[in-house]
Amino acid sequence: MEFSIKIGSLEKQRSACVVTGVYAPRKLSPSASLIDRVSGGYLSGITRRGDMQGKLGSTLLLHNVPKIASERVLLVGLGREQEFNEQQYLDAVRAAVKALNETGVPEAVLGLAELPVKTRDIAWKVLQTVLVAMDSTYRFDRLKSKRDEEKKPLGKLTLMVERSQSNRSEAVLKQALAIAEGVKLTKDLGNLPPNICTPGYLAEQASQIAKKHNLKAEVLEQKDMEKLGMGSLLSVARGSNQPPKLIVLQYSGAAKKQKPVVLVGKGVTFDTGGISIKPAAEMDEMKFDMCGAASVLGSIKAAAQMRLPLNVVGIIPTTENMPSGNASRPGDIVTSMSGQTIEILNTDAEGRLILCDALTYAERFHPAVVIDIATLTGSCVIALGHVASGLFSSDEVLARELLNAGEYAHDRAWQMPLWDDYQEQLKSNFADMANIGGRPAGSITAACFLARFTKKYSWAHLDIAGTAWKSGKEKGATGRPVPLLSQFLIRKAAKA
Ligand code: BES
Ligand code: MN
Ligand code: ZN
């Protein structure tokens, strides 16, 4: 979808449709009032008769509104004016875009950015409008032999802003488009089936992104990883016929001496659990177990497209987790690249096994910070549901930066404790540590495991098991936490 910014008056736009808001009960927004005046009270007549009461998310499509240049006017309910804040703004935009998409208009002009949202400025409104519009029109139908015969999708949205806001809006629009494309890439990779999206496919995609955006891509093969002593990562790949890869993607937007932000993404392209095999129900969703990896690719692509003055390194350990005669057994002990030994008590706790070696590998980039992103634990879904990603960090400043970025991007994280008290649960009688810590605090002990490999730099861990995809009727990748990470990188670049 295309977007543009325009200064002017909504009632004068020659468009297939203009969109304006109505607060509950029956209170016209500023642009709706203007349309009402020009049209001789057409809108207030409609609200008076009760056809549009302003209920949040409701819509009413009008044709041939007198004296209005546009072919249609779409009214969107905003809810009560005193209660109108972030969530209401997002809901209103989503409802508007949905209605436009269903109507089949090729383009529309949106008059919702005029609505005041507490503590949020025009930049936030432009960013969120683009993200919500792209999100609600996203389809993954490339593998259907017949596309659903829908009406033509909405192709272009114009956002009306005030003259004083136009420069800022234009600048933010460019960033928003880059972030939205990063989100789309992350969704596409997540949604691809596991027979297509293999470790080799991810490596191929990384190389293509690198070519297009002038990045450096490097793919370490099994033998390279053997030389590096990545016994933990390789133990997960043993059961699979797909060769594992370690993808390294580098975006250099700043001077060489500037320490990079390193993003590490879990890339398990299918997680059966291995010998500790998972139950059959919903196992298909374990194709999403590479969404951390996909979010690293999406965020680096966005950073490159925004030309952020920043260095970013993406590290993606990627493999399948399969059962076979060659697969790791519960009880196996492996030696990680760090030299620490691990007793594998459950082969389904494989994410931490591939991440620990990638985290050790990260040391060689002398990182400013390292953030890993992983669909790591079912336990995190139990703790935080599908609303917040779990955030773990021993660096309170970094934690705060990530939480703030997530709040602004409306891609929120919630901090969990990473106290040493939990480390006890990882004790093993036979190795330096076990790869599981029992049922209590499962997402925390997983983070504690990773913490043992990240002592040499400032580090944070995002558990996106509950937020990376949706189940049920709306099954599909969400593209999270690309908005959070992109916002974090934007802010880091501004400070650097
Ligand atoms: N990829 C899963 C985590 C997961 C499970 C994410 C369900 C989303 C939904 C991970 O590899 C895993 O299997 N974790 C185990 C760890 C356990 C064996 C300690 C889990 O969470 O059950
Ligand atoms: Mn698993
Ligand atoms: Zn997994």
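Provided above is the structure to which this section pertains.
Note that the coordinates shown come from a computational prediction; the quantities given were computed from them, not determined experimentally.

J.: Hey, could you run me through the coordination of the manganese ion (ligand 2) in this one?
T.: Under perfect tetrahedral coordination by four donors, a metal shows angles of 109.5 degrees; under perfect octahedral coordination by six donors, it shows angles of 90 or 180 degrees. Protein coordination at the manganese ion (ligand 2): the donors are Asp 271 (OD), Asp 348 (O), Asp 348 (OD) and Glu 350 (OE), at 2.1 to 2.2 Å from the metal. Considering all 6 donor atoms around the manganese ion (ligand 2), the spread of angles at the metal, 69 to 167 degrees, places the coordination shape in the irregular class. Taken as a pair, the manganese ion (ligand 2) and the zinc ion (ligand 3) lie 3.2 Å from each other and share Asp 271 as a ligand. Linking Asp 271 in strand 11 (residues 267-271) with Glu 350 in the loop between strand 14 (341-343) and helix 10 (351-362), this pair joins segments that are 79 residues apart in sequence. Judged by its relative accessible area of 3%, Asp 271 falls in the buried class.

J.: It is not clear to me how the coordination of the zinc ion (ligand 3) should be interpreted in this structure. Could you clarify?
T.: The coordination sphere of the zinc ion (ligand 3), as far as protein atoms go, consists of Lys 266 (NZ), Asp 271 (OD), Asp 289 (OD) and Glu 350 (OE), spread over 2.0 to 2.4 Å. Around the zinc ion (ligand 3) sit 6 donor atoms; with metal-centred angles ranging over 79 to 175 degrees, the donor geometry is octahedral. Written as a sequence motif, the donor residues of the zinc ion (ligand 3) are K-x4-D-x17-D-x60-E. Take Lys 266: its relative accessible area is 1%, and that puts it in the buried class.

J.: Explain the packing of helix 1 (residues 30-38) against helix 2 (residues 42-49) to me, please; I cannot follow it from the model alone.
T.: For any two helices packed against each other, one specifies the inter-axial angle together with the distance between the axes. Here helix 1 crosses helix 2 at 110 degrees, and the two axes come no closer than 6 Å. With respect to helix 2, the axis of helix 1 lies roughly perpendicular. Touching Ala 32, Ile 35 and Asp 36 of helix 1 are Tyr 42, Leu 43 and Ser 44, all from helix 2. Residue composition of the contact of helix 1 with helix 2, by class: 4 nonpolar, 1 polar and 1 charged.

J.: Looking at this model, I keep getting lost on the site of ligand 1. Mind explaining?
T.: Ligand 1 sits among 16 residues. The nearest are Lys 278, Asp 289, Asp 348, Glu 350 and Gly 378. Asp 271 has a polar side-chain atom sitting 2.9 Å from an oxygen atom of ligand 1. Protein coverage of the free-state accessible area of ligand 1, which is 520 Å², stands at 77%. Judged by the fraction of its atoms near the pocket grid, ligand 1 is located in the second largest pocket. When its residues are assigned to classes, the shell around ligand 1 shows 5 nonpolar, 4 polar and 7 charged.

J.: Teacher, can you tell me more about unusual backbone geometry here?
T.: For residues that are not glycine, phi is negative in most cases, and the peptide bond is trans in most cases. A cis amide bond links Ala 24 to the next residue, Pro 25, at an omega of -10 degrees. Position of Pro 25 among the secondary structure elements: in the loop between strand 2 (18-24) and strand 3 (27-28). Between Arg 480 and the following residue, Pro 481, the backbone shows a cis peptide bond with an omega angle of 0 degrees. Here the phi dihedral of Lys 67 falls at roughly 65 degrees; this positive angle occurs in a residue that is not glycine.

J.: Please explain the sheet that holds strand 18 (residues 433-434) as it appears in this structure.
T.: The strands making up a sheet associate through backbone hydrogen bonding, with each pair oriented either parallel or antiparallel. Judged by pairing direction, the sheet is mixed, and its 3 strands sit side by side in the order 13-14-18 without closing on themselves. One side of each edge strand has no neighbouring strand; the edge strands of this open sheet are strand 13 (333-335) and strand 18. As defined by bridge partners, strand 13 adjoins strand 14 across 3 bridges and the pair is classed as antiparallel. Within the sheet, the bridge partner assigned to Val 334 lies in strand 14 and is Ile 342.

J.: How should the layout of surface pockets be read in this particular structure?
T.: Taking a probe equal in size to a water molecule and rolling it over the atoms shows the remaining empty space. What the second largest pocket holds in volume is close to 1000 Å³. In terms of lining residues, the second largest pocket is bounded by 33 residues, among which Lys 278, Asp 348, Thr 377, Gly 378 and Ser 379 are the most central. Among the secondary structure elements, those contributing two or more residues to the lining of the second largest pocket are helix 10, helix 11 (378-384) and helix 13 (442-451). Counting residues per element, the lining of the second largest pocket draws most heavily on helix 11, at 4 residues.

Criteria and cut-off values
- Along each chain, the written sequence defines residue order, and numbers are assigned to residues from 1.
- In the order they appear in the text, chains get letters beginning with A and ligands get numbers beginning with 1.
- Predicted model: local features are reported for residues with pLDDT of at least 70 only, side-chain atom pairs are reported and counted for 80 or more only, and whole-chain, interface and lining totals are derived from all residues.
- Each side-chain value is derived from all of the structure's non-hydrogen atoms; neither hydrogens nor water enter the calculation.
- Sites may look incomplete because water is not among the atoms; the donors themselves are N, O and S atoms within 2.8 Å of the metal, or within 3.2 Å for Na, K and Ca.
- Under this scheme a four-donor centre is tetrahedral when all angles range from 85 to 135 degrees, a four-donor centre is square planar and a six-donor centre octahedral when opposite donors are above 155 degrees with the rest from 65 to 115, and any other centre is irregular.
- We count a stretch as a helix when DSSP gives it H or I for four or more residues in a row; a strand needs E for two or more, and each element gets its number in order from the N terminus.
- Note on exposure labels: buried denotes an accessible area under 20% of the residue type's maximum, exposed denotes more than 50%, and partly exposed covers the range between, all computed with a 1.4 Å probe on protein chains only.
- For helices, the axis comes from a line fit to the C-alpha atoms of the stretch in contact; other axes are also lines fit to C-alpha atoms, and the angle between any two N-to-C directions lies between 0 and 180 degrees.
- Under this scheme an angle from 65 to 115 degrees is roughly perpendicular, one under 35 degrees roughly parallel, and one over 145 degrees roughly antiparallel; angles in between are oblique.
- In this description, contact between two residues means that some pair of their heavy atoms is separated by no more than 4.5 Å.
- Three residue categories are used. Nonpolar comprises Ala, Val, Leu, Ile, Met, Phe, Trp, Tyr, Cys and Pro, charged comprises Asp, Glu, Lys and Arg, and polar comprises the others, including Gly.
- When we say a residue is near a molecule or strand, we mean one of its heavy atoms is within 4 Å of it.
- Pairs of N or O atoms within 3.5 Å make up the polar contacts considered here, provided that, within protein, one atom can donate a hydrogen while the other can accept it, and that residues adjacent in sequence are counted only when both atoms are side-chain atoms.
- The protein chains shown are the only cover counted for residues, whose accessible areas, like all others here, come from Shrake-Rupley with a 1.4 Å probe.
- Here the term cavity refers to a set of points on a 1 Å grid, laid over the protein atoms alone, in which a 1.4 Å probe fits but cannot get out; the term pocket refers to an open set having protein on both sides within 12 Å along at least five of seven lines, with lining residues being those that place an atom within 4 Å of a point.
- Molecules are considered to sit inside a cavity or pocket once more than half of their atoms lie within 2 Å of its grid points.
- A pair of strands counts as paired when DSSP detects no fewer than two bridges linking them.
- Grid points are joined across faces, edges and corners, and a volume is the space filled by probe spheres set on the points.

Interpretation note: all reported values are geometric properties and have no functional meaning in isolation.
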